[in-house]
Amino acid sequence: MAPRNDTPLDTSFKLELELSDPHYSGSVRYLQHGADSPLIRWHCHKEYELHLIVATSGKMFIGDYIGNFSPMHLVLTGPHLPHNWISRLDEDEPAPLRDMLLQFSGDFIQQCKAIMPEMGMIDDLLKKASVGVMFEQSVALEVEPLFRQASQTSGFSRLVLFFNILERLSREKDYRLLSSTSFDPLLDESAIDRVNVAVNYIMQHYQAGLTLEDVASEVGMKPTYFSKFFKRSTGIRFIEFVNNLRINRACERLVGTTESITDICFQVGFNNIANFNRRFVSLKGMTPSDYRKQAAMRYYRPGGHIPAPKSD
């Protein structure tokens, strides 16, 4: 257990490039990493980042958004927007290459616009990035070759590839905005480390009887202080964060299994079917039963067979 420390945290954010090569001085940085990697952590910084996930599946956290990801997952994040992708990995199945990303600064874009008015075409795209933009898999497949070329180049050659990617994304009409709000969290490295401990602990225990007191103890804080700290750091209350994870997991099981809704309710961590239904409707705008029916219609193919779910 982490030592208890309830003194206020220093919230002066360190403007350092957490995910970049410190030896590269170009305008657009390229980075890639596998899973598991120390770079996989909840974090935020002043740069824009375009992430292309090429391997593994798991949970993604963009601001206060929680969802699923799988290969060919493309997301643009803006300055100070917290983000993380946590892969589901078997011990004997490492992923040497999971994430390819391009990182660039707002200052660089403004300098380009000052001499190239054509750069104004990406203004709307960058504005959307403040809450995170997720693109369709077809778009990811289009830009993947450009990412791979960028990994082998530098300087002006990489810059040309970068502009090609931005131009393609700025024309895309089919996308999804992720976080419900933009962020400007002024967190130091100590605070980021604590959030990572909390999020990792929640990920491991949210399907059980997890309480705020449990997580507060894990990071060495009193519950009241931790509650305020978690909301300030992630933009979402602790109970909402946990419930979003549980509902997200329930959606997976509603689509991927024939288990009864009651069984799913208890498997994902709810101890009351009425509360589960209420939370589900609040987040998804429909009942679990309706969600399962709509998903079945979406994935039905003529001549296929959809097994009937267990009755409740």
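Each remark here, short or long, concerns the structure printed above.
Computed from a predicted model, the values in this text were never measured in an experiment. (Residues numbered from 1 in each chain as written. Predicted model: local features only at pLDDT ≥ 70, side-chain atom pairs only at ≥ 80, totals over all residues. Heavy atoms only, no water.)

**Overview of the overall build of the protein chain**
(1) Moving on: Along its length, the protein chain carries eleven helices and nine strands.
(2) Moving on: For the protein chain, buried positions account for 50% of its 312 residues.
(3) Moving on: When contacts within the protein chain are restricted to residue pairs at least 6 apart in sequence, those whose partners lie at least 24 apart make up 74%.
(4) Moving on: Just so you have it, the protein chain exposes about 15,600 Å², and 51% of that area is on carbon and sulfur atoms. (Helix = DSSP H or I, 4+ residues; strand = E, 2+ residues; numbered from the N terminus. Buried < 20%, exposed > 50% of the residue type's maximum accessible area, 1.4 Å probe, protein only. Contact = heavy atoms within 4.5 Å. Areas by Shrake-Rupley, 256 points an atom, 1.4 Å probe, with all protein chains shown as cover.)

**Overview of the pattern of salt bridges**
If the charged atoms of two oppositely charged side chains come close together, the side chains can form a pair.
(1) Moving on: If you walk through the whole model with that rule in mind, you get twelve salt bridges.
(2) Moving on: In this structure, Asp99 engages Arg98 in a salt bridge whose closest nitrogen and oxygen atoms are separated by 3.8 Å.
(3) Moving on: Classification of Asp99 by relative accessible area gives buried; the value is 1%.
(4) Moving on: Residue class for Arg98 comes out buried when judged on its relative accessible area of 1%.
(5) Moving on: Glu172 is the salt-bridge partner of Arg168, the closest N and O atoms lying 2.9 Å from each other.
(6) Moving on: Classification of Arg168 by relative accessible area gives buried; the value is 13%.
(7) Moving on: On the basis of relative accessible area, Glu172 is assigned to the buried category, the value being 14%.
(8) Moving on: What you see here is one network of salt bridges that share partners, running through Lys59, Arg88, Arg249 and Glu252. (Salt bridge = Lys/Arg side-chain N within 4 Å of Asp/Glu carboxyl O.)

**A few points about the side chain of Asn244**
(1) Moving on: Among the structural elements, Asn244 can be located in helix 8 (residues 238-256).
(2) Moving on: Residues contacting Asn244, with those up to four places away along its chain left out, are Asp64, Ile66, Ile236 and Leu283.

**Focus on helix 4 (residues 155-171)**
(1) Moving on: Compared with an ideal rise of 1.5 Å per residue, which puts 17 residues at 24 Å, helix 4 spans 25 Å between its outermost C-alpha atoms and is within 8% of the ideal.
(2) Moving on: Within helix 4, burial applies to Arg158, Leu159, Leu161, Phe162, Ile165, Leu166, Arg168, Leu169 and Ser170. (Expected span 1.5 Å × (residues − 1).)

**Overview of the side chain of Glu252**
(1) Moving on: Checked against the element boundaries, Glu252 lands in helix 8.
(2) Moving on: A relative accessible area of 19% places Glu252 in the buried class.
(3) Moving on: A distance of 2.8 Å separates polar atoms of two side chains, one belonging to Glu252 and the other to Arg249.
(4) Moving on: With residues near it in sequence (within four places) discarded, Glu252 still touches Lys59, Asn68 and Arg88. (Polar contact = N/O pair within 3.5 Å; in protein donor to acceptor, adjacent residues only side chain to side chain.)

**A word on the nonpolar core**
(1) Moving on: Counting residues in each nonpolar core, the largest one holds 34 residues, and the members touching the most others are Leu74, Phe104, Ile109, Phe147 and Phe162.
(2) Moving on: Residue assignment for this core shows that the elements contributing at least two residues are strand 2 (48-53), strand 5 (73-77), strand 7 (95-104), helix 1 (106-115), helix 2 (123-128), strand 8 (133-135), helix 3 (137-151) and helix 4.
(3) Moving on: If near-sequence neighbours (up to four positions away) are discounted, Phe147 is found in contact with Tyr30, Leu50, Leu52, Leu74, Met100, Leu101, Leu102 and Ile165.
(4) Moving on: Membership of the second largest hydrophobic core comes to 27 residues, among which are Phe61, Ile192, Leu210 and Phe230. (Core = buried A, V, L, I, M, F, W, Y, C linked by side-chain atoms within 4.5 Å.)

**Details of the sheet that holds strand 6 (residues 83-87)**
(1) Moving on: Read from one edge of the open sheet, three strands run 4-3-6, paired in antiparallel fashion. Both edges of this open sheet fall to strand 4 (65-69) and strand 6, since each of them pairs with a single strand only. Averaged over all pairs of adjacent strands, the angle between strand axes in this sheet comes to 20°, irrespective of strand direction.
(2) Moving on: Bridge count for strand 3 (residues 58-62) against strand 4 is five bridges, and the pairing is antiparallel. When the sheet's bridge partners are listed, Ile62 is paired in strand 4 with Tyr65.
(3) Moving on: Across the sheet, helix 8 lies against strand 3 and strand 4, angled at about 30° from strand 4, the strand it touches most. (Pairing = 2+ DSSP bridges. Axes fitted to C-alpha atoms, helices over the stretch in contact; angles between N-to-C directions.)

**Considerations on the packing of aromatic side chains**
(1) Moving on: This model, assessed by the stated rule, comprises 13 aromatic pairs.
(2) Moving on: Measuring from centroid to centroid gives 6.2 Å for Phe226 and Phe238, while their planes differ by 70°, and the two rings are edge-to-face. You can see Phe226 sitting in helix 7 (residues 223-234) and its partner Phe238 sitting in helix 8, a full twelve residues away along the chain.
(3) Moving on: For Phe226, a relative accessible area of 0% puts it in the buried group.
(4) Moving on: Residue classification places Phe238 among the buried residues on the basis of a relative accessible area of 6%.
(5) Moving on: Here the aromatic residues Tyr48, Phe104, Phe108, Phe162 and Phe163 are joined through ring pairs into a cluster of three or more.
(6) Moving on: Looking at Arg246, its charged tip hangs above the ring of Phe270, at a distance of 5.8 Å from the centre. (Phe/Tyr/Trp six-rings, centres within 6.5 Å; stacked < 30°, edge-to-face > 60°. Lys NZ or Arg CZ within 6 Å of the ring centre and 35° of its normal.)

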